[in-house]
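# Geometric and topological summary
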Protein chains: 2
Amino acid sequence: MNFGLFTIHYSLFTEMQKYVIIAAGGIGARMKSPIPKQYLSVNDVPIIIHTINKFQFAIPGIKIVIVLPPDRINSWEQFCFENDFVFNQDICAGGETRFHSIKNGLESIHGHALVAIHDAVRPLITVALIQDIFKHAEANGNAVPAIKMDQTIRVLEDGKSKAVDRNNYRIIQTPQCFHADILRKAYQQDYDVSFTDDATVVERTGAVINLIEGDINNIKITTQQDMLVAETLIASGF
Amino acid sequence: MNFGLFTIHYSLFTEMQKYVIIAAGGIGARMKSPIPKQYLSVNDVPIIIHTINKFQFAIPGIKIVIVLPPDRINSWEQFCFENDFVFNQDICAGGETRFHSIKNGLESIHGHALVAIHDAVRPLITVALIQDIFKHAEANGNAVPAIKMDQTIRVLEDGKSKAVDRNNYRIIQTPQCFHADILRKAYQQDYDVSFTDDATVVERTGAVINLIEGDINNIKITTQQDMLVAETLIASGF
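Residues numbered from 1 in each chain as written. Chains lettered and ligands numbered in written order. Predicted model: local features only at pLDDT ≥ 70, side-chain atom pairs only at ≥ 80, totals over all residues. Heavy atoms only, no water.

### Some points on the side chain of A:Gln38
- Secondary-structure assignment places A:Gln38 in the loop between α2 (27-32) and β2 (41-42).
- With near-sequence residues (within four places) excluded, A:Gln38 lies in contact with A:Ala24, A:Gly25, A:Pro46, A:Ile47, A:Ile48, A:Ala120 and A:Val121. (Helix = DSSP H or I, 4+ residues; strand = E, 2+ residues; numbered from the N terminus. Contact = heavy atoms within 4.5 Å.)

### Notes on the interface of chain A and chain B
- The partner chain B presents 38 residues to the 38 residues of chain A that form the contact.
- The contact between chain A and chain B buries some 3,100 Å² in all, and 60% of this surface belongs to carbon and sulfur atoms.
- Ranking the residues of chain A by area buried against chain B places A:Thr152, A:Arg154 and A:Gln225 at the top, with a combined share of 22%.
- Between chain A and chain B we count two salt bridges in total.
- When the shortest N-O distance is used, the salt bridge between B:Glu203 and A:Arg154 registers 2.6 Å. (Buried area = accessible area lost by both parts, 1.4 Å probe. Salt bridge = Lys/Arg side-chain N within 4 Å of Asp/Glu carboxyl O.)

### With respect to the relation of the copies chain A and chain B
- Between the two copies, chain A and chain B, the superposition gives an RMSD of 0.0 Å; the rotation angle is 180 degrees and the shift along the axis is 0.0 Å. Within this description, the copies of the chain are treated as partners about a two-fold rotation axis. Minimal C-alpha distance to the rotation axis in chain A is attained by A:Val229, lying at 3.4 Å.
- The residues that chain A uses at the interface reappear at the interface of chain B in 100% of cases, marking a shared surface. (Least-squares fit on C-alpha atoms with pLDDT ≥ 70 in both.)

### With respect to the confidence of the model for chain A
Residues and elements named next belong to chain A.
- Mean pLDDT over chain A works out to 88, with 89% of the residues at or above the 70 mark.
- Taken as a whole, residues 1-13 scores under 50 in pLDDT and shows eight contacts with residues more than four places along the chain or in a different chain.
- Model confidence for the complex: the whole-complex pTM is 0.86, and ipTM, which rates the interface, is 0.88. (pLDDT = per-residue confidence, 0-100.)

### Some points on the packing of helix α3 (residues 47-58) of chain B against helix α6 (residues 127-140) of chain B
Residues and elements named next belong to chain B.
- In the contact formed by α3 and α6, the axes pass within 9 Å of each other and the chain directions differ by 60 degrees. Regarding the angle of α3 to α6, the classification is oblique. Crossing hand, α3 versus α6: right-handed. Note on element contacts: α6 touches α3 through Val127, Ile130, Gln131 and Phe134, opposite Lys54, Phe55, Phe57 and Ala58. (Axes fitted to C-alpha atoms, helices over the stretch in contact; angles between N-to-C directions. Parallel < 35°, antiparallel > 145°, perpendicular 65-115°, else oblique. Left-handed = near helix turned anticlockwise from the far one by under 90°.)

### Description of the pattern of salt bridges
- Taken as a whole and judged by the stated rule, the model has twelve salt bridges over all chains.
- B:Arg98 is the salt-bridge partner of B:Asp198, the closest N and O atoms lying 2.9 Å from each other. Note that B:Asp198 is positioned in helix α8 (residues 198-203) and B:Arg98 in helix α5 (residues 98-106), a separation of 100 residues in sequence.
- One salt-bridge network, in which partners are shared between bridges, spans A:Arg98, A:Asp119, A:Arg122 and A:Asp198.

### Points about the packing of aromatic side chains
All names here are of chain A.
- Per the stated rule, a full pass over the model turns up twelve aromatic pairs over all chains.
- Measuring from centroid to centroid gives 5.9 Å for tryptophan 76 and phenylalanine 79, while their planes differ by 25 degrees, and the two rings are stacked. Of this pair, tryptophan 76 and phenylalanine 79 both sit in helix α4 (residues 73-82), separated by three residues, roughly a single helical turn.
- The class for tryptophan 76 is buried, based on a relative accessible area of 3%.
- Their ring planes at 25 degrees and their centres at 4.9 Å tell us that phenylalanine 99 and tyrosine 187 sit as a pair that is stacked. In this pair, phenylalanine 99 is assigned in helix α5 (residues 98-106) and tyrosine 187 in the loop between α7 (180-186) and α8 (198-203), connecting sequence segments 88 residues apart.
- With relative accessibility at 2%, the residue phenylalanine 99 sits in the buried group. (Phe/Tyr/Trp six-rings, centres within 6.5 Å; stacked < 30°, edge-to-face > 60°. Buried < 20%, exposed > 50% of the residue type's maximum accessible area, 1.4 Å probe, protein only.)

### Observations concerning the environment of A:Asp119
Residue and element names in this part refer to chain A.
- Among the structural elements, aspartate 119 can be located in strand β6 (residues 113-119).
- Overall, aspartate 119 belongs to the buried group, its relative accessible area being 6%.
- A C-alpha to C-alpha distance of 8.8 Å links aspartate 119 and glutamine 173, two positions 54 residues apart in sequence.
- Within the structure, the side chain of aspartate 119 is placed 2.8 Å from the side chain of arginine 98, a separation counted as a polar contact. (Polar contact = N/O pair within 3.5 Å; in protein donor to acceptor, adjacent residues only side chain to side chain.)

### With respect to the packing of helix α9 (residues 224-235) of chain A against helix α9 (residues 224-235) of chain B
- Here α9(A) crosses α9(B) at 120 degrees, and the two axes come no closer than 10 Å. As α9(A) packs across α9(B), the resulting crossing turns out to be right-handed. Contacts between α9(A) and α9(B) involve A:Gln225, A:Leu228, A:Val229, A:Thr232 and A:Leu233 from the former and B:Gln225, B:Leu228, B:Val229, B:Thr232 and B:Leu233 from the latter.
- Here the contact of α9(A) with α9(B) is composed, by residue class, of six nonpolar, four polar and no charged. (Nonpolar A, V, L, I, M, F, W, Y, C, P; charged D, E, K, R; others polar.)

### Quick look at the environment of A:Lys162
- By the secondary structure assignment, A:Lys162 is in strand β9 (residues 160-163).
- If we skip the residues at most four places from it in the chain, A:Lys162 touches A:Arg154, A:Val155, A:Glu157 and B:Glu203.

### What to know about unusual backbone geometry
Residue and element names in this part refer to chain A.
- Looking along the chain, the bond that leaves threonine 174 and enters proline 175 is cis, with omega of 5 degrees.
- Mapping proline 175 onto the fold places it in the loop between β10 (169-172) and β11 (176-179).
- Of note, the phi angle at aspartate 158 is positive, near 50 degrees, even though the residue is not glycine.
- Relative to the helices and strands, aspartate 158 resides in the loop between β8 (153-157) and β9.

### Here we look at the environment of A:Ala146
Residue and element names in this part refer to chain A.
- Among the secondary structure elements, alanine 146 is positioned in strand β7 (residues 142-148).
- For the pair formed by alanine 146 and leucine 211, sequence separation is 65 residues and the distance between their alpha carbons is 6.1 Å.
- In this structure alanine 146 touches Arg170, Ile171, Ile172, Leu211, Ile212, Glu213 and Gly214, once residues within four positions along its chain are discounted.

Structure, rendered in structure tokens:
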């Protein structure tokens, strides 16, 4: 009996096509920074390529959907061609916000599938964590990596601030992984400014988000400090 | 009339003795890590010395109280002697938790005073921010630096997690500065595990905490990543 259940489980896992949507900036992100960090190179390889390599290594046969600022698409295609970065990718134009960008990316995904959504500027994600997230999402509908908070935080209320117990909070990372049908339903909602990640969009449909243990090194490269940390970790073979 | 008020204000400011308690670890911290980061060197100078220098430069005549793990006091005194680190310091033995350590440090502080409490492992604090914090604390009873949160966070409730609006939260830093009498009263309370910083201890007495704008570079060096960032920033003359 147990063996039977295992067989069904395994069969579902192997049959679902796996995708990753790499969020590499929409119109808004493009306007804020003239040189988005994902195009900067570490060890002569752009950060976004480090990121893509991790997914290709973790999930052989994964399909890659890249959401780019519209005015970067031509140069990206040329860059891949000139540098022999040949891989199975769909390229989509980003929208005004992250929500609109991911919604565009979802149009490239068809049928019964597992979809991870990942920030291009998180190249330090590990192969093991990617595999773990897909496994949990396949079993539970979704999986979202989270780490504990080691800083003291306060909440603002009525013009004042008060202490909160940081043990009750988690810092959320990507990749966030979902069954495709759950994502499609979520992204039919109207946009809301509170949609800072995909878990928030999916949660608004009534789904319960499953947190799994993330990785403190899986940083989002947004500052010059972050670039420095990433360069050292990548150079040391991370 | 306005000029008169200004005079009184200025006179109070100049007459209050200013202190900083440098929290450099208690018994607990000593047990967790065999080589606490504050003793590691950047540019051949221990992190704790970088930190102390900032306060001496910001507030000439400031009195320095250092709270050390009890078994580090002898080697610290010897280190200062051998390296000509001569400054006006009181050395106190740390206790079981940060709360107990700061309580010990407070015993070195007498009379009407302004007391900043700072993590030894935040050497990147700027002179301008130290001065700003003392000025606000003198006027308002306390001042605590805080920065916005740029990560997505979730709160755990009833075995589940839910999205929260990060715009309502602040990450708290040090130095946190208080009138000495407010601190003394606060540290007469019984210890509580929620006392992760001094603002939390003071707030429990009913005081309102005044947040002021902190600095994203004022990081707490706890990981190897942090050491790397600190080394680069300090080497570039930060």
